[in-house]
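# Descriptive analysis of the structure
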Amino acid sequence: MSEPTLDIVAIGNAIVDVIAKADDAFIASEGLSKGAMQLLFTTEEAEALYAKMGPGVEASGGSAANTVAGIAALGGKTGFIGQVADDQLGKVFRHDITALGVAFDTPARAGEPKTARCLILVTPDGERTMNTFLGASQHLPPAALDADLIESGAILYLEGYLWDPEEPRAAMDKAIDIAHGAGRRVAFTLSDGFCVDRHRDGFQELLDKGRIDILFANEDEIKSLNETQDFDAAVEATAAKTPILVVTRSEKGAIAVKDGERFSVSAEPIDKMVDATGAGDQFAAGFLAGQAEGRSIEDSLTMGAVCAAEVIQHYGPRPEADIKALIAKRLG
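A short tour of the structure in this document, coming up. In this text the structure is predicted, and so the values were computed from the model without any measurement.

What follows is about the overall build of the chain. When you go through the chain residue by residue, the secondary structure sums to 12 helices and 13 strands. Its C-alpha atoms give the chain a radius of gyration of 19 Å, within 12% of the compact-globule value 20 Å for 332 residues. If one aligns the C-alpha atoms of the chain with their principal axes, the spans along those axes are about 55 × 45 × 40 Å. When each of the 332 residues of the chain is scored for burial, the buried share is 54%.

What follows covers a nonpolar patch on the surface. Together, M37, L39 and F41 make up an exposed nonpolar region whose accessible area comes to about 340 Å². Looking at the secondary structure, you find M37 in strand β3 (residues 37-39). The exposure class of M37 is partly exposed, given its relative accessible area of 48%.

The next point concerns the sheet that holds strand β2 (residues 15-21). Read across the open sheet, the five strands follow the order β3-β7-β6-β2-β4; overall the sheet is mixed. Of all strands in the sheet, those bounded by a partner on one side alone are β3 and β4 (56-61). Each strand axis lies, on average, 20° off the axis of its neighbour in the sheet, ignoring direction. The sheet contact formed by β3 and strand β7 (residues 128-133) spans three bridges and is parallel. The residue of β7 that forms the bridge with Q38 is N131. With respect to the sheet, helix α2 (residues 43-52) is in contact with β2, β4, β6 (116-122) and β7, its orientation differing from that of β6 by roughly 35°. Its contacts with the sheet put helix α4 (residues 88-99) on β2, β4 and β6, and the angle it makes with β4 is roughly 70°.

In this section: the sheet that holds strand β13 (residues 261-265). Across the sheet, which stays open at both edges, the eight strands sit in the order β5-β1-β8-β9-β10-β11-β12-β13 with mixed pairing between neighbours. If you trace the sheet from one side to the other, it starts and ends with β5 (78-81) and β13, each paired once. Shown here is a sheet whose adjacent strand axes are inclined to one another by a mean of 15°, direction ignored. Examined bridge by bridge, strand β9 (residues 185-189) and strand β10 (residues 214-218) share three bridges and lie parallel to one another. Opposite F188, over in β10, you have L215 as the bridge partner. On the sheet, helix α6 (residues 166-181) packs against β1 (6-11), β8 (153-159) and β9 and is oriented at approximately 165° with respect to β8.

Let us now look at the pattern of salt bridges. The full count for this structure, using the stated rule, is 20 salt bridges. Two residues, E30 and K52, come together in a salt bridge whose shortest N-O distance is 3.3 Å. Here K52 lies in helix α2 and E30 lies in the loop between α1 (24-29) and β3, a separation of 22 residues in the sequence. Note on K52: relative accessible area 48%, which makes it partly exposed.

Here the focus is the packing of aromatic side chains. Counted by the stated rule, this structure contains nine aromatic pairs. A ring pair is formed by F93 and F104, whose centres lie 5.4 Å apart and whose planes are at 75°; its orientation type is edge-to-face. Note that F93 is positioned in helix α4 and F104 in the loop between α4 and β6, a separation of 11 residues in sequence. The exposure classification of F93 matches that of F104, with both residues buried. When the centroid spacing of 6.2 Å and the interplanar angle of 55° are considered together, the rings of W163 and F203 count as tilted. Of this pair, W163 sits in the loop between β8 and α6 while F203 sits in helix α7 (residues 193-208), placing them 40 residues apart in sequence. This pair shows no difference in class: W163 is buried, exactly as F203 is. Counting every residue linked through ring pairs, the aromatic cluster contains F80, F93 and F104. Seen from the ring of F231, R249 lies directly overhead, with NZ or CZ sitting 3.8 Å from the centre.

Here we take up the side chain of N131. Within the secondary structure layout, N131 lies in strand β7. Given the relative accessible area of 0%, N131 is considered buried. Apart from residues no more than four positions distant in its own chain, N131 is found in contact with L32, Q38, L40, L49, R117, C118, L119 and L121.

This paragraph deals with the pairing of β8. The two faces of a sheet get side chains in turn, since along a regular strand they alternate between them. Counting buried positions over the seven residues of β8 gives six, a clear majority of the element. The sheet contact formed by β1 and β8 spans five bridges and is parallel. Pairing of A10 across the sheet is with Y157, part of β8. One ladder, built from five bridges, connects β8 with β9; its direction is parallel. Looking at β9, one finds that L158 is bridged to F188.

Basis of the calculations
- Residues numbered from 1 in each chain as written.
- Predicted model: local features only at pLDDT ≥ 70, side-chain atom pairs only at ≥ 80, totals over all residues.
- Heavy atoms only, no water.
- Helix = DSSP H or I, 4+ residues; strand = E, 2+ residues; numbered from the N terminus.
- Rg over C-alpha atoms; globule rule 2.2 N^0.38 Å.
- Buried < 20%, exposed > 50% of the residue type's maximum accessible area, 1.4 Å probe, protein only.
- Patch = residues over 30% accessible without salt bridge, like charges linked within 9 Å, V, L, I, M, F, W, Y side chains within 5 Å.
- Areas by Shrake-Rupley, 256 points an atom, 1.4 Å probe, with all protein chains shown as cover.
- Salt bridge = Lys/Arg side-chain N within 4 Å of Asp/Glu carboxyl O.
- Pairing = 2+ DSSP bridges.
- Axes fitted to C-alpha atoms, helices over the stretch in contact; angles between N-to-C directions.
- Contact = heavy atoms within 4.5 Å.
- Phe/Tyr/Trp six-rings, centres within 6.5 Å; stacked < 30°, edge-to-face > 60°.
- Lys NZ or Arg CZ within 6 Å of the ring centre and 35° of its normal.

Just distances and angles here, no functional claims.
If you want it as structure tokens, here you go:
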């Protein structure tokens, strides 16, 4: 069996973040709920709002894409599988993520729907009003998988958000088989409480069948998965089904359970909380990078905490500081 040439290969929503300034009058005139996230269900809705926005910054986004971007910033070798359309924003996503050093060669999809986008309007008070069109990202078919790329990664990382639509769910199911067939580990993030509510049985089946080697969750998600408000009971139940369980707890830090042994880390000190977007994605980046480097669970947790603390002190879901240097300073 060949040795992996990449640290992490991720499968997730391929979304372009479009960030532009707007005033409160524009938010009101478009009938948007300030500070909230809403879904746009048609290309026409997305194109209409996009056309009205002022000059903006466009960058590749999406939960798993943010994680591999973070791992790349740490010096890790990564790949990404996700569906874009053959359009302008699809080219933006491809250029941006490959410029980070992430291997991405999923063929673009012709026709409708267009490439997914998150149209983010930032008002003078710093509030972010997000309008998300999932578009082509929800149409990743099993046939689009690059088996060689999956087999080249030491860890396959899957985004729970993408478990909702049928095509990418089938693709991720196939990807797990490819990864395990090559002797690789599979990591999975529950992503969001609504994902757990909709797919609790499916997620539990993955765990019961031993298909997940590293599970990421936050405190609410792990309790929802087990339909209990007892955090410790939820952790114990899920830890029995997966080799490594990682649970983030916001300001209370994070825990991990490996083979029945529990580890914990405190949240890293910060100057000011600015934007929690991407905290979970970057925690996963730090932890997975640590695992790929062969570090201990304690060090991997610390790396996750450092990455999460950095990203919540500025706007945007990806690191801006030299995160590699911050971890080197913290761990030596």
